[in-house]
Amino acid sequence: MSMDSSKRINADDAGAHRAQRLRLAVLDMVGTTITDDGRTERAMSLALQETGVEPGSPRFESMLGYARDTMGFSKLTVFSHLFEEPQRAESANKAFERAYDDLIADGGVRAIPGAEETIDWMRDSGMKVCLATGFGRHTQNMVLESLGWMGKADLSLCPADAGRGRPYPDMILTAVLALDLDDVREVVVVGDTSSDMLSGVRSGASAVVGVLTGFHSEAALRAAGATAVVPSVKYLPALLEPRAARL
């Protein structure tokens, strides 16, 4: 595998992943396995406008900045932080989902190069795969359907399925229970945001891998607990192969 030296997988990262056999991969969606060319942020912007926040105002920019910083969180959790009134937060979340549905109706969501092959490699290696998101169930299904990914993974989860979204570990632990794993240390968590890394660390997963195709930098991912960082999801097989389950 030839890569620019700036993108070379760190040998220490690879070595750190050889102790425990991996049987489950919990993969984030937008920014990790798929790209939507900024539609998440555009939908967030439209939802703020619809909820009465003036575009371009200091409040609007502050709210949008918070949304960027918390990419990966449950969208309802984000809106609940931005708006004190629960009804307004729920209204904003519904506006976000409507806007996102409209924005992806043109087929603007696509797989990140190598994502499908990586998922196939994991499943062929004997690993289970869970696709996790901060979206609601309806939006997650819309994305999966638009990609033809229904059934691509063993399981798909959104915050409502688990009780809480990232940065809490609930979705990871729900996947462990749903897929009958014996040990959370057999899990690898992969994502592009600090919240993905935090949820992985808090769950007890032994491998927490950041990718650089999304919202947060390598420094931010490592600060949040990443045990390794790779350029994109397509480099996961090279990193994880020594620990992939062969059942």
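Before reading further, recall that the structure is shown in the block above.
The rules behind these values
- Residues numbered from 1 in each chain as written.
- Predicted model: local features only at pLDDT ≥ 70, side-chain atom pairs only at ≥ 80, totals over all residues.
- Heavy atoms only, no water.
- Axes fitted to C-alpha atoms, helices over the stretch in contact; angles between N-to-C directions.
- Helix = DSSP H or I, 4+ residues; strand = E, 2+ residues; numbered from the N terminus.
- Left-handed = near helix turned anticlockwise from the far one by under 90°.
- Contact = heavy atoms within 4.5 Å.
- Nonpolar A, V, L, I, M, F, W, Y, C, P; charged D, E, K, R; others polar.
- Parallel < 35°, antiparallel > 145°, perpendicular 65-115°, else oblique.
- 1 Å grid on protein atoms, 1.4 Å probe; cavity = no way out; pocket = protein on both sides within 12 Å on 5 of 7 lines; lining within 4 Å.
- Points joined across faces, edges and corners; volume = space filled by probe spheres on them.
- Phe/Tyr/Trp six-rings, centres within 6.5 Å; stacked < 30°, edge-to-face > 60°.
- Lys NZ or Arg CZ within 6 Å of the ring centre and 35° of its normal.

A. Structural view of the packing of helix α3 (residues 58-69) against helix α4 (residues 75-82). The contact between α3 and α4 brings their axes to 11 Å, and the two run at 145°. Regarding α3 and α4, the two cross each other, and that crossing is right-handed. Residues M63, Y66 and A67 of α3 lie in contact with α4, whose contacting residues are V78, H81 and L82. In terms of residue class, the contact of α3 with α4 is made up of five nonpolar, one polar and no charged.

B. Representation of the packing of α4 against helix α5 (residues 86-104) within the structure. Two numbers describe how α4 lies on α5: the axes approach to 8 Å, and their chain directions differ by 135°. Here α5 runs oblique to α4, going by the angle between their axes. Considering how the two elements wind past one another, α4 and α5 form a crossing that is right-handed. The residues of α5 that touch α4, namely those facing K75, L76, F79 and S80, are A89, E90, A92, N93 and F96. The residue inventory of the contact of α4 with α5, partitioned by class, reads five nonpolar, two polar and two charged.

C. Representation of empty space enclosed by the protein in the model. Evaluation of the coordinates by the stated rule reveals two cavities of 30 Å³ or more. Roughly 120 Å³ of internal volume is contained in the largest cavity. For the lining of the largest cavity, the residue count by class is five nonpolar, five polar and five charged. Each pocket or cavity is described by its volume, and for the second largest cavity that value is around 50 Å³. Along the walls of the second largest cavity sit V26, D28, A132, R166, M171, I172, V189, V190, D196 and S199, which together make up its complete lining. Among the elements of the structure, β1 (24-28), α9 (170-178), β6 (187-191) and α10 (194-203) are those that each provide at least two residues to the lining of the second largest cavity. In the lining of the second largest cavity, the residues fall into six nonpolar, one polar and three charged.

D. Spotlight on the packing of aromatic side chains. Under the definition given, this model contains four aromatic pairs. Seen in terms of ring centroids, F96 and Y100 are 5.9 Å apart; in terms of plane orientation they differ by 25°. Their pairing is stacked. Taken together, the residues span about one helical turn, with F96 and Y100 both in helix α5 at a distance of four residues. Aromatic ring contacts, followed pair by pair, group F79, F96, Y100 and F135 into a single cluster. Cation over ring: R164 sits above Y168, and NZ or CZ is 4.0 Å from the ring centre.

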